[in-house]
Amino acid sequence: SVVKAAKSAAGSVPIVSGCGYGTKIAIQIAQSAEAAGADGILLLPHYLMDASQAGLYAHIRAVCDSVSIGVMVYNRDNSILTAETLQKLCDSCPNLVGFKDGSGDIGLVRKITATIGERLTYLGGMPTAELFADAYLGAGVTTYSSAVFNFVPALAQQFYKALRAGDRTTTDRILIDFFYPFMDIRNRQKGYAVSAIKAGVRLIGFDAGPVRAPLTDLTEEEVGMLQSLIGPYKS
């Protein structure tokens, strides 16, 4: 399977599979991922419509109950859990092991980390997470998923190490020199949070292919802007 091949190629690095859609399909995806050898799943928001806290609780619990591997919930968009609902899920689902936040609501995140404590692993999941890393660290979220690690890994590691060391001089410099200009490119069009990463990966020599429709790729001018930005940081 693709999962087993990836684990073999990566030297048994744990594989976390994406999972989403409505409850029935999410269960099928979760069970398929487990059967293929995944070590855990990241449960993304369901389709389109908002749901009540009772509905979110039932949805997440059903997915957790359907597998034995670990589950991390992704709190964003139309799937925002309250601290109270997340606590109920922690009490009901032993294999709920993580909480990833992409809401940007630091007040909510802090209430969750204060309420749940060390029961869960917390992961920052905002687009270009380094822009929010200081605030999330203060709220009790010690790590994050770095999209730019895909094409400037040394810079991403330098920022993270400086963040955890409390080296604000270094993090501020990297934000000003790289991340804020990168944000300016990313914010030129809707969907560029994905498109800009793919462009960066292509610029360092990997055939990442175009983005899937209806997203659009960066223009030639924007690719040139990104190339100039990442040039000093290629490793």
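Residues numbered from 1 in each chain as written. Predicted model: local features only at pLDDT ≥ 70, side-chain atom pairs only at ≥ 80, totals over all residues. Heavy atoms only, no water.

Draft legend 1. Region of the structure containing the sheet that holds strand 4 (residues 96-101). Within the open sheet, the six strands sit side by side as 1-2-3-4-5-6. Their pairing is parallel. Two strands in the sheet have a free side with no partner beyond their single neighbour: strand 1 (16-19) and strand 6 (143-144). Direction of pairing for strand 4 relative to strand 5 (residues 121-124): parallel, over a ladder of four bridges. When the sheet's bridge partners are listed, lysine 100 is paired in strand 5 with leucine 123. (Pairing = 2+ DSSP bridges. Helix = DSSP H or I, 4+ residues; strand = E, 2+ residues; numbered from the N terminus.)

Draft legend 2. Examining the pairing of strand 3 (residues 70-75) more closely. Counted residue by residue, strand 3 has six buried out of six residues, so it is predominantly covered. Of the two faces of strand 3, both are covered, the one formed by Gly70, Met72 and Tyr74 as well as the one formed by Val71, Val73 and Asn75. In terms of strand pairing, strand 2 (residues 40-43) meets strand 3 through four bridges, oriented parallel. For glycine 40, the partnering residue across the bridge sits in strand 3 and is glycine 70. For the crossover from strand 2 across helix 3 (residues 53-66) to strand 3, the handedness is right-handed. Looking at chain direction, strand 3 and strand 4 are connected through five bridges and run parallel. (Buried < 20%, exposed > 50% of the residue type's maximum accessible area, 1.4 Å probe, protein only. Right-handed = clockwise from strand over helix to strand, strands pointing away.)

Draft legend 3. Looking closely at the layout of surface pockets. Here the largest pocket is characterised by a volume of approximately 1100 Å³. What lines the largest pocket is a set of 32 residues, among which Leu44, Tyr74, Arg76, Ala193 and Val194 lie closest to the centre. Breaking the lining of the largest pocket down by element, the ones donating at least two residues are strand 1, strand 3 and helix 9 (192-203). Per-element tally for the lining of the largest pocket: the top contributor is helix 9, with five residues. Of the residues contributing to the lining of the largest pocket, the split by class is 19 nonpolar, seven polar and six charged. (1 Å grid on protein atoms, 1.4 Å probe; cavity = no way out; pocket = protein on both sides within 12 Å on 5 of 7 lines; lining within 4 Å. Points joined across faces, edges and corners; volume = space filled by probe spheres on them. Nonpolar A, V, L, I, M, F, W, Y, C, P; charged D, E, K, R; others polar.)

Draft legend 4. Structural view of the side chain of threonine 85. Turning to its location among the elements, threonine 85 is positioned in helix 4 (residues 83-92). Among the residues examined, threonine 85 registers a relative accessible area of 8% and is labelled buried. The contact partners of threonine 85, leaving out residues within four places of it in the chain, are Gln53 and Tyr57. (Contact = heavy atoms within 4.5 Å.)

Draft legend 5. Molecular detail of the pattern of salt bridges. Considering all chains together, one arrives at six salt bridges under this definition. Ionic pairing is found between lysine 111 and glutamate 84, a salt bridge with its closest N-O pair at 3.0 Å. With lysine 111 in helix 5 (residues 106-116) and glutamate 84 in helix 4, the pair connects residues that are 27 residues apart, well separated along the chain. Assessed through its relative accessible area of 42%, lysine 111 is described here as partly exposed. (Salt bridge = Lys/Arg side-chain N within 4 Å of Asp/Glu carboxyl O.)

Keep in mind these numbers describe shape, not what the thing actually does.
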